[in-house]
Amino acid sequence: MSAKGDMYYAWSTDADLLAKGECGGAVSSLLKYALESKMVDAVLAVKKGADIYDAVPTLITDPEEIAQAAGSLHCGTLLLSKLFKKYLNGANDMKIAVTVKGCDAMGIYELAKRQQINLDNVVMIGLNCGGTVSPVTARKMIADKFETDPDTVLKEEIDKGQFIIETADGHKGIKIDELEEEGYGRRSNCRRCKMKVPRQADLACGNWGVIGDKAGKATFVEVCSEKGAELLDAATKAGKLATEAPNPKGIEIRGKVENAMLKLGDSWRARDFEALGEGSDRLKKILNETSRCIKCYQCIDNCPICYCVECSTKKPYLVKPGEIPPNFMFHLIRFAHISDSCINCGQCQELCAMDIPNSLFMHALQVDLQEMFGFVPGVDMTLPLLALVEENEERDRLTGTGSDQIFNIFQKE
Ligand SMILES: Cc1cc2nc3c(=O)[nH]c(=O)nc-3n(C[C@H](O)[C@H](O)[C@H](O)COP(=O)(O)OP(=O)(O)OC[C@H]3O[C@@H](n4cnc5c(N)ncnc54)[C@H](O)[C@@H]3O)c2cc1C
Ligand code: SF4
Ligand code: SF4
Ligand code: SF4
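Computed from a predicted model, the values in this text were never measured in an experiment. (Residues numbered from 1 in each chain as written. Chains lettered and ligands numbered in written order. Predicted model: local features only at pLDDT ≥ 70, side-chain atom pairs only at ≥ 80, totals over all residues. Heavy atoms only, no water.)

Examining the packing of helix H2 (residues 26-36) against helix H8 (residues 226-237)
Alright, step 1. At a minimum axis separation of 10 Å, H2 and H8 run at an interaxial angle of 90 degrees. Taken together, the axes of H2 and H8 are roughly perpendicular relative to one another. Contact residues: H2 offers Leu30, Tyr33 and Ala34, while H8 offers Leu231, Leu232, Ala234 and Ala235.
Alright, step 2. Split by residue class, the contact of H2 with H8 holds seven nonpolar, no polar and no charged. (Axes fitted to C-alpha atoms, helices over the stretch in contact; angles between N-to-C directions. Helix = DSSP H or I, 4+ residues; strand = E, 2+ residues; numbered from the N terminus. Parallel < 35°, antiparallel > 145°, perpendicular 65-115°, else oblique. Contact = heavy atoms within 4.5 Å. Nonpolar A, V, L, I, M, F, W, Y, C, P; charged D, E, K, R; others polar.)

Focus on the environment of Tyr307
Alright, step 1. Relative to the helices and strands, Tyr307 resides in the loop between helix H11 (298-301) and helix H12 (329-338).
Alright, step 2. Note: C-alpha distance between Tyr307 and Leu111 (196 residues apart in sequence) is 7.7 Å.
Alright, step 3. Residues contacting Tyr307, with those up to four places away along its chain left out, are Lys85, Leu111, Arg114 and Gln116.

Brief notes about the pattern of salt bridges
Any two side chains of opposite charge can pair, so long as their charged atoms come close to each other.
Alright, step 1. Throughout the structure, instances matching the rule amount to 28 salt bridges.
Alright, step 2. Residue Asp14 pairs with Lys32 through a salt bridge whose shortest N-O separation is 3.5 Å. Within this pair, whereas Asp14 is found in the loop between strand S1 (7-12) and helix H1 (15-20), its partner Lys32 is found in helix H2, the two being separated by 18 residues in sequence.
Alright, step 3. Take Asp14: its relative accessible area is 26%, and that puts it in the partly exposed class.
Alright, step 4. Each member of the salt-bridge network shares a partner with another, and the members are Arg199, Glu222, Arg254 and Glu258. (Salt bridge = Lys/Arg side-chain N within 4 Å of Asp/Glu carboxyl O. Buried < 20%, exposed > 50% of the residue type's maximum accessible area, 1.4 Å probe, protein only.)

Regarding the packing of aromatic side chains
For any pair of aromatic rings, the description rests on two quantities: the centre-to-centre distance and the angle between the ring planes.
Alright, step 1. A complete count under the given rule lists three aromatic pairs for this structure.
Alright, step 2. In this arrangement the basic side chain of Arg191 is found over the ring face of Trp268, its NZ or CZ atom lying 4.8 Å from the centre.
Alright, step 3. Here the basic side chain of Lys214 rests over the ring of Trp11, its NZ or CZ set 4.4 Å away from the ring centre. (Phe/Tyr/Trp six-rings, centres within 6.5 Å; stacked < 30°, edge-to-face > 60°. Lys NZ or Arg CZ within 6 Å of the ring centre and 35° of its normal.)

Some words on the sheet that holds strand S6 (residues 155-159)
Alright, step 1. Read from one edge to the other, the open sheet built from three strands follows the order S6-S7-S8, with strand pairing classed as antiparallel. This sheet does not close on itself; its edge strands, each paired only once, are S6 and strand S8 (170-175). Neighbour-to-neighbour, the strand axes of the sheet open up by a mean angle of 20 degrees, direction not taken into account.
Alright, step 2. Bridging between S6 and strand S7 (residues 162-167) involves five bridges; their strand directions are antiparallel. Directly across from Ile158, in S7, lies its bridge partner Phe163. (Pairing = 2+ DSSP bridges.)

Okay, structure coming up:
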């Protein structure tokens, strides 16, 4: 029996899934087995729509359709968590296996804490994630920087720090760093993201660490929960999946790559947050950017933290109806309600019709709040800050200020 922390090289025994899979097709095999064995009633995955830039969420109940979703879509910037709430009744009526990037997994936990998703009915197959590129940016980048017609690209991937495209004429790669310096590359929230291996999922799957003769032909799988161990063991026992012990050198490399990505995330955070300025400069910047708001509510509808039946931004005594741009209160309400739990998924920024850097503003607040309260969103079922107030913690916090009033809190170096 596998246990939490165990690691494997795994690959599909089904020739079609092995060929179509991004690495070893292990994820597709696990999903197919979960459906066939009735461990789950449905699979929520992502498949190619019109082209490789078009990632479409899909609910699959026929195991034969799993192959259609095999492969990774790096322009798949979508967040799957809120679909559970909006369209799948929070997985209350059926058991669902879902493929999750770090942000999808974090969003699922945040909604589960707010009782919008029933985690007992969800199996999360995690995908390591180095970042996603918005489809429109990817097209522009391929045309401008790769001097290639985006419609001729057969496959794209991010590997060893390069963005690589494959056309009928072969491969072409450009360093991500170089692309990002010029304003292309991964979304800005992805650059700041530090959820690279989603260990809060049931299994974490990726290509990092697969070396030697299995390179490119196996998936690196880390077992993260009992549920994950059960699925992996049962699929292997049923002959759907083959596994072997990972190369120790591969495990070491995987650790090093993960650490390098975390450091890179830190340096993007420092750079982005510094550029926001301080004090009234920062306020001016936020006021200026948000003054373009057309009150379309996309940032609210798509945020995995927003679950209210009616948002306070729709209360006439807080935000005057019929006024555009809305009073700054509109954005202050979002900052107050979301910032402690923001998972930096980037949806509020990417879907903003007016290109307001919403997730940058919210993430900057979240990182400071995390430092202040020690609350890390999206990693487990720990309740949000204001849902759980502990007497001793409150006493300690007041004592820690060295004062009898809430006055002397922040430190300046
Ligand atoms: C955007 C992205 C970035 C990645 N970056 C890294 C990385 O830096 N390092 C690393 O080790 N691994 C990374 N991976 C994981 C890796 O590419 C493979 O998905 C993983 O190794 C599983 O391989 P497989 O052959 O077993 O999967 P497959 O059998 O090919 O199955 C892949 C599954 O992923 C799902 N999927 C595809 N695109 C998305 C998406 N955008 N969002 C959610 N689900 C999706 C599909 O529905 C499919 O079920 C990334 C994956 C994605 C989607
Ligand atoms: S936010 Fe993180 S986990 Fe989500 S797509 Fe970007 S890099 Fe991947
Ligand atoms: S505020 Fe934006 S970045 Fe943060 S969780 Fe909500 S949608 Fe995602
Ligand atoms: S998505 Fe942009 S324009 Fe729409 S309400 Fe939010 S901030 Fe305003």
